[in-house]
Amino acid sequence: MCRHLAYLGAPRTLRELLIDPPYGLYRQSWAPRYMRGTGTVNADGFGIGWYVSDLAEPVRYRRAVPIWGDSSLPGLAAATRTGAVLAAVRSATTGMPVAEGASAPFGEGPWLFSHNGAVGGWPDSVAALASALPVRDLLTLDAPTDSALLWALVRARLRDGLSTGKALADVVGAVGAAAPGRLNLLLTDGTSIAATTWGDSLYHRQDRHGLTVASEPDDDGPGWTEVPDHTLVTADRSGISLTALEER
Ligand code: GLN
């Protein structure tokens with residue numbers, strides 16, 4: 001299972017956010033502490049998406065190599081400062097390709113998205129749900145993976161005008177009813193974060209820098225709160241709210 005993280009707050013370098021914390025996302029690629037499900041390391045690619053004030057859309061940097069194998073990243077991360085980021089390290093589910101396009105964050109317009117988990121019975125279990133999408137969306141999936149399809153399902157709802165929280169809850173409800181699996185989703189538009197827990201770990205922390213929502217704590221310091229399973233998290237700079245997700 002992958003690990004992911006979103007941060008909103010005072011501008012910080014990607015190095016401070018991802019690499020420096022003792023148990024941060026960088027280290028979680030080879031030594032995650034709270035991973036459930038099948039994988040043990042997250043070495044099948046990674047991605048970072050971040051917001052820059054004078055650009056209309058977030059920047060995305062994705063690679064198909066383990067995050068520790070990208071020797072250019074530490075320098076880039078030290079030089080890049082942002083107040084909003086979504087990043088992930090990937091452990092590919094059996095049978096799914098290792099490719100740049102299969103690494104989160106997926107994105108369009110202001111949105112960045114990640115999935116931690118796996119859709120059981122893939123692909124047959126969700127073929128009917130996928131068939132409701134425009135053919136063009138299916139032909140242009142970033143990768144033939146469950147996560148890329150989940151992003152297409154979420155994106156269709158965002159394009160229809162649903163809020164980020166409603167879009168995630170609706171997709172988790174529909175996919176959860178169609179297939180057993182783990183559906184920890186994470187979505188940001190650069191000013192708010194929405195996330196679900198459905199079978200894997202998730203924590204949040206509000207500190208003097210800002211708000212972090214992450215698969216696992218990046219240090220043993222105070223302030224980390226575990227999110228109960230089957231919960232929708234919606235948060236922005238003014239606060240965080242948790243809502244139970246019902247099984248359909
Ligand atoms: N099933 C997804 C993939 O293979 C996500 C994997 C994960 O959470 N480890 O891309």
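Details of the structure are given in the entry above.
These figures come from a predicted structure and were not determined experimentally.

1. So, the pattern of salt bridges
Part 1 of the argument: Going through the model one piece at a time under the given rule, you end up with 14 salt bridges.
Part 2 of the argument: Put simply, Arg15 and Asp20 hold a salt bridge, and the shortest N to O gap is 3.1 Å.
Part 3 of the argument: In this structure Asp20 comes out as partly exposed when scored by relative accessible area, which is 41%.
Part 4 of the argument: Through salt bridges that share partners, Glu108, Asp137, Arg155 and Arg159 make up one connected network.

2. A closer look at the sheet that holds strand β6 (residues 111–119)
Part 1 of the argument: If you walk across this open sheet you meet the six strands as β5-β6-β7-β8-β12-β13, and the pairing is antiparallel. Pairing within the sheet leaves two strands with one partner each, and these edge strands are β5 (106–108) and β13 (239–244). The sheet shows a mean angle of 15° between the axes of neighbouring strands, taken without regard to direction.
Part 2 of the argument: Two elements, strand β8 (residues 192–197) and strand β12 (residues 231–236), share six bridges in a ladder whose sense is antiparallel. Residue pairing across strands places Thr197 opposite Thr231, the latter belonging to β12.
Part 3 of the argument: Relative to β6, helix α6 (residues 146–159) is tilted by about 135°, and along the sheet it contacts β5, β6 and β7 (181–188).

3. Some words on the layout of surface pockets
Part 1 of the argument: Its boundaries defined by the atoms lining it, the largest pocket holds a volume of some 170 Å³.
Part 2 of the argument: Taken together, the elements giving at least two residues each to the lining of the largest pocket come down to β1 (3–13) and α1 (14–19).
Part 3 of the argument: Top element by residues in the lining of the largest pocket is β1. It accounts for three residues.
Part 4 of the argument: Counted by class, the lining of the largest pocket contains five nonpolar, two polar and six charged residues.

4. Focus on the packing of aromatic side chains
Part 1 of the argument: Counted by the stated rule, this structure contains six aromatic pairs.
Part 2 of the argument: Taking 5.9 Å as the distance between ring centres and 80° as the angle between the ring planes, the aromatic pair formed by Tyr26 and Trp30 counts as edge-to-face.
Part 3 of the argument: Judged by its relative accessible area of 15%, Tyr26 falls in the buried class.
Part 4 of the argument: The exposure class of Trp30 is partly exposed, given its relative accessible area of 39%.
Part 5 of the argument: Taken together, a centroid distance of 6.0 Å and an interplanar angle of 85° make the contact between Trp30 and Trp68 edge-to-face. Of this pair, Trp30 sits in the loop between α2 (25–28) and β2 (46–50) while Trp68 sits in the loop between β3 (59–63) and α3 (73–79), placing them 38 residues apart in sequence.
Part 6 of the argument: Members of the aromatic cluster, joined through ring pairs, are Tyr26, Trp30 and Trp68.
Part 7 of the argument: Taking NZ or CZ as reference, Arg33 lies 3.6 Å from the ring centre of Tyr23, over its face.

Basis of the calculations
- Residues numbered from 1 in each chain as written.
- Predicted model: local features only at pLDDT ≥ 70, side-chain atom pairs only at ≥ 80, totals over all residues.
- Heavy atoms only, no water.
- Salt bridge = Lys/Arg side-chain N within 4 Å of Asp/Glu carboxyl O.
- Buried < 20%, exposed > 50% of the residue type's maximum accessible area, 1.4 Å probe, protein only.
- Pairing = 2+ DSSP bridges.
- Helix = DSSP H or I, 4+ residues; strand = E, 2+ residues; numbered from the N terminus.
- Axes fitted to C-alpha atoms, helices over the stretch in contact; angles between N-to-C directions.
- Contact = heavy atoms within 4.5 Å.
- 1 Å grid on protein atoms, 1.4 Å probe; cavity = no way out; pocket = protein on both sides within 12 Å on 5 of 7 lines; lining within 4 Å.
- Points joined across faces, edges and corners; volume = space filled by probe spheres on them.
- Nonpolar A, V, L, I, M, F, W, Y, C, P; charged D, E, K, R; others polar.
- Phe/Tyr/Trp six-rings, centres within 6.5 Å; stacked < 30°, edge-to-face > 60°.
- Lys NZ or Arg CZ within 6 Å of the ring centre and 35° of its normal.

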